[in-house]
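Structure at a glance
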Amino acid sequence: MIAQRAQEISPFHVMDILAQAKRLEAQGRDIIHLEVGEPDFDTPQPIIDAGIAALKSAKTHYTPALGLAELREAIANWYQTRYQVAVSANRVVITPGASGALMLVLGALLERDKKVMLADPGYPCNRNIARFVEGQAQLIAVDGSDNYQLTAEHINAHWDDDTTLALVASPSNPTGTVLSRQQLSDLAAAIRAKQGSFVVDEIYHGLTYDGIDTPTVLSVDQNAFVINSFSKFFGMTGWRLGWLVAPEQYVPIMDKLAQNLFLAAPTVSQYAALSAFNSDTLAILAQRRQLFEQRRNTLLPALQSLGLEVKTTPQGAFYIYANCSALLNERSPDSMALCKYWLQKTGVAVTPGNDFGNNLAEQHIRFAYTTHEQRLLEAIERIKKSGN
Ligand SMILES: Cc1ncc(COP(=O)(O)O)c(C=O)c1O
């Protein structure tokens, strides 16, 4: 018998799209993938080289559950150089991706039947991991008027006796919107007044545009929990490596949970990541960030020219979340149907809104600009020609 908690976790709808895309590719169709939530760039060579060197010198044993001391130190230094924020290496916990960090945080903070407040639309795994630990997701509908982010006003209006923490992502998936220092500070103050915990997923830090400042929440609240990862900015999705910064008094509980849930993050990946902060690597990553910005600058007006509405300009990550109401019709009455129609008719794969929550999900589609500019423009041409 399958446990209720597992049954209640929803699969990603985009998997249907992916399966259909694979079938079409097997028939020889050329599919443009705008549904993929990972950079198309390979891991920077200095990191790969460090990984190979680690393997050659047989770095193949477990590390401590909290992670390699050198990597924890390197991440602490990163906070100093990148954000001018002092973070002790003791507070850094190395995890298998941000996913591992989310499991630690929700496992440690979310009591059975208690609530974690989340923005809807938002990253789907948050509510599923909340369910996995027998807690509840308290979904708050957000839209362009609040930059698709939780605000201090949401905290004050919706926090109830069962709410214990709020989790935000900045930049956000799927909307790419960013919280300013003031907004982070207001959220932190509102949550502190409720005696709750504040968790900020900073996985898309480094991938921001228009020259905006993306402060870490630790610059306004040293008691916040930060989730981050080597997956996106550092281009290491397949290495399964991320981290958590927790207040000092929570580190022993994170250590205990890490020991029991995954023992330690992958050792070779940890050694490889020691090269992630080198100047050579950072120079490669700076160029890639620029390319993502150019792609966003190309794709955004092109989508708008199709009749798709984007309420706030995404300033980070590699996603555009667009309202497709103007393109819905009898044949494609909702975003899922439209995504399937586009894939079949034009070979363009995108993600329907219902992967990100319930709030106007059937009228939204996420476009990931994780492919090069020419292909983005070709996708737009194909959609244009299809007459929707
Ligand atoms: C907002 C957000 N958080 C966390 C993750 C998990 O990433 P990983 O486990 O690869 O670090 C993702 C992946 O897409 C994401 O978009």
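For clarity, every value in this text was computed on a predicted model and none was experimentally measured. (Residues numbered from 1 in each chain as written. Predicted model: local features only at pLDDT ≥ 70, side-chain atom pairs only at ≥ 80, totals over all residues.)

The subject of this paragraph is the site of the ligand. Around the ligand, the structure places 13 residues, and the nearest of them are Gly 97, Ala 98, Ser 99, Ser 229 and Ser 231. Considering every element that reaches the shell around the ligand, the biggest residue donor is helix H5 (residues 97–109), with three residues. Taken together, the residues that form the shell around the ligand break down as four nonpolar, eight polar and one charged. (Near = placed C-beta within 6 Å. Helix = DSSP H or I, 4+ residues; strand = E, 2+ residues; numbered from the N terminus. Nonpolar A, V, L, I, M, F, W, Y, C, P; charged D, E, K, R; others polar.)

What follows deals with the environment of Asp 16. Tracing the sequence through the fold places Asp 16 in helix H2 (residues 14–26). With 15 C-beta atoms counted inside 10 Å, the residue Asp 16 sits in the partly exposed group. In the structure, Asp 16 is positioned 324 residues away from Lys 340 in sequence and 8.9 Å away in space, judged by C-alpha atoms. (Buried ≥ 20, exposed ≤ 12 C-beta atoms within 10 Å, placed from the backbone.)

As a further point, take helix H13 (residues 373–386). If you check H13, its first and last C-alpha atoms are 20 Å apart, about what 14 residues at 1.5 Å a residue would give, namely 20 Å. Buried within H13 are the following residues: Leu 376, Ala 379, Ile 380 and Ile 383. End-on, the buried residues of H13 take up no more than an arc of 95 degrees, which puts them together on one face. In this structure, H13 carries Gln 374 and Lys 385 as exposed residues pointing more than 90 degrees from its buried face. At its buried positions, H13 is contacted by strand E1 (32–33), helix H11 (279–305), helix H12 (335–346) and strand E10 (348–349). Looking at the residues trailing H13, positive phi occurs at Gly 387, about 65 degrees. (Expected span 1.5 Å × (residues − 1). Arc of directions from axis to C-beta. Contact = placed C-beta atoms within 7 Å.)

Let's shift gears to unusual backbone geometry. That bond from Ser 170 to Pro 171 is cis: its omega, -10 degrees, falls within 30 degrees of zero. Position of Pro 171 among the secondary structure elements: in the loop between strand E5 (163–169) and helix H8 (181–193). A cis geometry characterises the amide bond from Asn 173 onward to Pro 174, with omega recorded as 20 degrees. Secondary-structure assignment places Pro 174 in the loop between E5 and H8. Backbone geometry at Asn 147 places phi at a positive 60 degrees, although glycine is not the residue there. With respect to the helices and strands, the residue Asn 147 is situated in the loop between strand E4 (136–141) and helix H7 (152–158). Take Asn 147: there are 22 C-beta atoms within 10 Å of it, and that puts it in the buried class. The phi dihedral of Ala 317 is positive, around 60 degrees, even though this residue is not glycine. Residue position: Ala 317 is located in the loop between H11 and strand E9 (319–323). Judged by local crowding, Ala 317 falls into the buried class, with 30 C-beta atoms found within 10 Å.

This part covers the pairing of strand E3 (residues 115–120). For E3, a buried count of six out of six residues is recorded, marking the element as mostly surrounded by other parts of the structure. Where burial is concerned, the two faces of E3 agree: the one with Lys 115, Met 117 and Ala 119 and the one with Val 116, Leu 118 and Asp 120 are both buried. Where E3 meets E4, six bridges bridge the pair, whose relative direction is parallel. When the bridges of E4 are listed, Lys 115 appears paired with Gln 136. A crossover connection joins E3 to the parallel E4 through helix H6 (residues 124–132); in handedness this β-α-β unit is right-handed. Where E3 and E5 come together, four bridges link them in parallel fashion. Residue pairing in the sheet places Leu 118 in a bridge with Leu 167 of E5. (Pairing = 2+ DSSP bridges. Right-handed = clockwise from strand over helix to strand, strands pointing away.)

To continue, consider the domain arrangement of the protein chain. Each domain of the protein chain was delimited in the assignment, giving domain 1 (4–42 + 281–386) and domain 2 (45–278). Centre-to-centre, using C-alpha coordinates, domain 1 lies 25 Å away from domain 2. Residue-level contacts link 35 residues of domain 1 with 41 residues of domain 2. Looking at the side of domain 1 that touches domain 2, the elements that each hand over two or more residues are H11 and E9. Here the side of domain 1 that touches domain 2 takes seven residues from H11, the largest share from any one element. In terms of residue class, the side of domain 1 that touches domain 2 is built from 15 nonpolar, ten polar and ten charged. (Domains from an automatic or database assignment.)

Along strand E8 (residues 242–245), one buried face is formed by Gly 242 and Leu 244 and the opposite face, lined by Trp 243 and Val 245, is buried too. Examined bridge by bridge, strand E2 (residues 92–95) and E8 share four bridges and lie antiparallel to one another. Bridge assignment links Val 93 to a residue of E8, and that residue is Leu 244. Judged from the four bridges that link them, strand E7 (residues 225–229) and E8 form a sheet pairing that is antiparallel. Bridge assignment links Asn 228 to a residue of E8, and that residue is Trp 243.

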